[in-house]
Every structure is written in structure tokens, then in C-alpha cells.
Amino acid sequence: MTVYLLTRVVRWGSGLLLILFVSYAMMFYGAGDPIKRMFLDQEQGSLVLEEDVLEALRKKYGIDQPFPEQFRRYLAKLAVGDLGFSIREKRPVNRMVQVRLPISMQIGVAAVLFMVIVGIPLGVWAALRHNSVVDQFIVGFIVFINAVPIFVITPLLLWFLVVVVGIMDVPYGWKGLFHGQVVLPIIVLSFGAMPTVIRQTRAAMLDTLSQDYIRTARAKGLTSRLVIFRHMLRPVLIPVLTSVGLIMIGLVNGALFIELIFNIPGFGHIAITALRTVDYPVIMATVFIGALIVMVGNMLVDLAYPLLDPRITR
């Protein structure tokens, strides 16, 4: 078990380091000098400051050094929890993240719970009613969600819930996780990964139904509820957990869109603003935290595998 855990930690740690290296290289060689872009007159296309002043600012923010030196200093600061200093906002990135990240985490956790509570039962129900009207309806729902982009589903849901049904006002801003306006952002965010949960649960359930031990359990006279919860649900959850990486990526990417549309002051809002203003330290912080969220999710899944199936130890 110890070797199993150490192997996973080394694997995800090296992957995170590679992501940081590639991202930092893209920042260094890609979008251009952030100091020059900050003081560029967009209408006339000329700089509003002298070159020596710009050079002093580059030295102040440490972006005048060669790439290896910059990356080394970045990793050294990151090792002690320092995400850098925002060039545009002129304040530590840590403070920006401390305010915005909890909002996004609350929405993300709520979306995951919604997907689990709704997606897994729908997948089980579709498998138990295989080729029935219920199964066809659920499969059709999966196809619909996959085919229609979120930026189309969102206004449709807004129109239906606000105009047609009239059960809520237009959700805008952040008033807390337990406010009624957060329901629609959570539903829309969960829709991105909901088909994956339903599809994986349905496929795993259909495979498990054909196993000999399930037929034996039923032959012994166990009720359907006992067969499902005691003998079927555990092996069914393994392939669902396997897809959690795609689910986490979908939540991180979907949060960018959701927070922009509903004007939620979360972590995704920081990422969009940083990309627009070419704020290197903030961009790297969003890449690091986004990758860390996905990798921690996958590490937790790796830790959960032995609990669902003790044979998985390597």
C-alpha cells in the first residue's frame, strides 16, 4: 500500500512540474512583454513611457532575467506558498486567490454533489430498465446535453425558469451558497460532466448485471435493493471514479464561463481578467491551482480505489 501511494504522489508531482514548466515557457516566449503592453497607447500604438522607465519596471517585477533564472525563482517562491505579485492589480496574488477561490470551490463542490446525487441514480435506473422507454429517455437526455453547448443551454434555462415558470429572478452576482440564485449556476456547471457520470454508471451497471455472483445473489432470494446496494454499487463506482479527471477538468473549465455569465466574483473571473490583461503572475497562479485541483481529485480517486476493490494495490 505504501508503494502504491508513493508511486501516485511521484507521478502527479512530476506531472504538475511539467505543466508549470510548459506554461511558464509559453508565458516567457509567447504573449509579449507585459510591461510594454501595460503602457501601450491602444489608439496610437505608441508607448506612453520612456524605455528606461520600462526597463526599471521589468527589473522591479523580475521579468528581465533569462528564462531558467525566472523559472527557478518562481519555483522557489511557489515552494513557500508565494504565488507572486500581480502586475496589473499591484497586490499579492495570494490575497486575490484567498478571496475568490473559496467561492468557486463552493460552487464546484455543490456541482459535484448534484452530479453524484442525480447522475448515478439515473445511470442505475437506465440500466435496470434497459431498452425501455425510461432508458431511451435518459440516453436521449445524455445526447441532448452533449450536443447542445452550455452557452445555449444557459439562456434557455434562464428563459424557462425566469420568464415561463417565474420561480426565480435573474441570477446575477454572489449572495452565498444557500441563496436561491446559486441553483441555476450549479445546474449549468454540472451539465458539462453529467453525461459522463450517467453513461459510465449505466455501462458499468449493465456489465455487472451479467455477472454470475449477481445471479447467485438473486437466486438466494435477496431483494433487488440489497443486490444493488450490497453487491452491485461498489464495482459500478470504479469506472465512474476513473472518469473523475475529465469531470474535474470540465468543472474547472466550465467555471470560467459560468462565473463570467452570472458575474460571480470567483476564481474563474480572475483567470479571464488575467488573460485579457496579460498579467503573467495571475495567469500562472490560475494554471497552477487549476492543475492542482485536477490532480488532487485524481489522487483522491487513486486512494479510493483500494477501498472499493482491495485487489487494486499497484
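The following refers to the structure shown. (Residues numbered from 1 in each chain as written. Predicted model: local features only at pLDDT ≥ 70, side-chain atom pairs only at ≥ 80, totals over all residues. Heavy atoms only, no water.)

1. Notes on the overall build of the chain
Consideration 1: Across its full length, the chain carries 14 helices and zero strands.
Consideration 2: Each helix (α) and strand (β) of the chain, taken in turn from the N terminus, gives the series α-α-α-α-α-α-α-α-α-α-α-α-α-α.
Consideration 3: For the chain, the residues scored as buried account for 39% of the 314 residues in total.
Consideration 4: In the chain, of all internal contacts separated by at least 6 residues, the share reaching a separation of at least 24 is 71%.
Consideration 5: When the accessible surface of the chain is split by element, carbon and sulfur atoms take 66% of a total near 17,700 Å². (Helix = DSSP H or I, 4+ residues; strand = E, 2+ residues; numbered from the N terminus. Buried < 20%, exposed > 50% of the residue type's maximum accessible area, 1.4 Å probe, protein only. Contact = heavy atoms within 4.5 Å. Areas by Shrake-Rupley, 256 points an atom, 1.4 Å probe, with all protein chains shown as cover.)

2. Examining unusual backbone geometry
Consideration 1: Look at K90: it is not a glycine, yet its phi comes out positive at around 60 degrees.
Consideration 2: Along the chain, the position of K90 falls in the loop between α4 (67-79) and α5 (93-128).
Consideration 3: Here N131, not a glycine, exhibits a phi torsion of approximately 65 degrees, which is positive.
Consideration 4: Inspection of the secondary structure puts N131 in the loop between α5 and α6 (133-147).

3. Re empty space enclosed by the protein
Consideration 1: Here the structure, examined in full by the defined rule, presents one cavity of 30 Å³ or more.
Consideration 2: Estimates place the volume of the largest cavity at around 70 Å³.
Consideration 3: Forming the boundary of the largest cavity are P171, Y172, G173, W174, K175, G176, H179, Q181, V182, P185, F262 and I264.
Consideration 4: Across the lining of the largest cavity, the residue classes break down as seven nonpolar, four polar and one charged. (1 Å grid on protein atoms, 1.4 Å probe; cavity = no way out; pocket = protein on both sides within 12 Å on 5 of 7 lines; lining within 4 Å. Points joined across faces, edges and corners; volume = space filled by probe spheres on them. Nonpolar A, V, L, I, M, F, W, Y, C, P; charged D, E, K, R; others polar.)

4. Notes on the nonpolar core
Consideration 1: Formed by 38 residues in total, the largest nonpolar core has its most connected members in M205 and L251.
Consideration 2: Every element with two or more residues in this core is listed here: α5, α6, α8 (183-191), α9 (194-209), α10 (212-219), α11 (224-242) and α12 (244-261).
Consideration 3: Per-element accounting of this core gives the leading share, nine residues, to α5.
Consideration 4: In this structure L251 touches G108, A111, V112, M115 and L189, once residues within four positions along its chain are discounted.
Consideration 5: Counting residues in hydrophobic clusters, the runner-up holds 27 residues, among them V93, V97, V278 and A291. (Core = buried A, V, L, I, M, F, W, Y, C linked by side-chain atoms within 4.5 Å.)

5. Remarks on the layout of surface pockets
Consideration 1: Space inside the largest pocket adds up to approximately 1,100 Å³.
Consideration 2: In terms of lining, the largest pocket is formed by 45 residues, of which the most central are M248, I249, L251, V252 and I293.
Consideration 3: Residue assignment for the lining of the largest pocket shows that the elements contributing at least two residues are α5, α11, α12, α13 (267-277) and α14 (280-308).
Consideration 4: For the lining of the largest pocket, the element with the highest residue contribution is α14, accounting for 13 residues.
Consideration 5: The residue makeup of the lining of the largest pocket, split by class, is 37 nonpolar, seven polar and one charged.

6. Focus on the packing of aromatic side chains
Consideration 1: As enumerated under the stated definition, the model contains seven aromatic pairs in all.
Consideration 2: Between the aromatic rings of Y24 and F67, the centroid separation amounts to 6.0 Å while the plane-to-plane angle is 50 degrees, which identifies the pairing as tilted. On the criterion of sequence distance, the pair formed by Y24 in helix α1 (residues 2-29) and F67 in helix α4 is long-range, its members being 43 residues apart. The exposure classification of Y24 matches that of F67, with both residues buried.
Consideration 3: With a centroid separation of 6.0 Å and an interplanar angle of 15 degrees, the aromatic rings of F67 and F71 are classed as stacked. Residue F67 and its partner F71 are located together in helix α4, separated by four residues, close to a single helical turn. Like F71, F67 is buried.
Consideration 4: Every member of this aromatic cluster is reached through a ring pair, and the members are F21, Y24, F67, F71 and Y74. (Phe/Tyr/Trp six-rings, centres within 6.5 Å; stacked < 30°, edge-to-face > 60°.)

7. Here's the deal with the packing of α9 against α11
Consideration 1: At a minimum axis distance of 8 Å, the contact between α9 and α11 shows a crossing angle of 130 degrees. By the angle between their directions, the pair α9 and α11 is classed as oblique. Along this stretch, α9 crosses α11, giving a crossing that reads as right-handed. In this structure, α9 contributes V197, Q200, T201, A204, M205, T208 and L209 to the contact, and α11 contributes I228, M232, P235, V236, P239 and V240.
Consideration 2: Residues of the contact of α9 with α11, tallied by class, amount to ten nonpolar, three polar and no charged. (Axes fitted to C-alpha atoms, helices over the stretch in contact; angles between N-to-C directions. Parallel < 35°, antiparallel > 145°, perpendicular 65-115°, else oblique. Left-handed = near helix turned anticlockwise from the far one by under 90°.)

8. Here's the deal with helix α3 (residues 51-61)
Consideration 1: Considered for burial, the residues of α3 that qualify are L54, L57, R58 and Y61. In an axial view of α3, the angular spread of the buried residues amounts to 105 degrees, which keeps them on one side of the axis. Residues of α3 that are exposed and point over 90 degrees away from its buried face: D52, K59 and K60.
Consideration 2: A positive backbone phi angle near 75 degrees is found at G62, which sits one or two residues after α3. (Arc of directions from axis to C-beta.)

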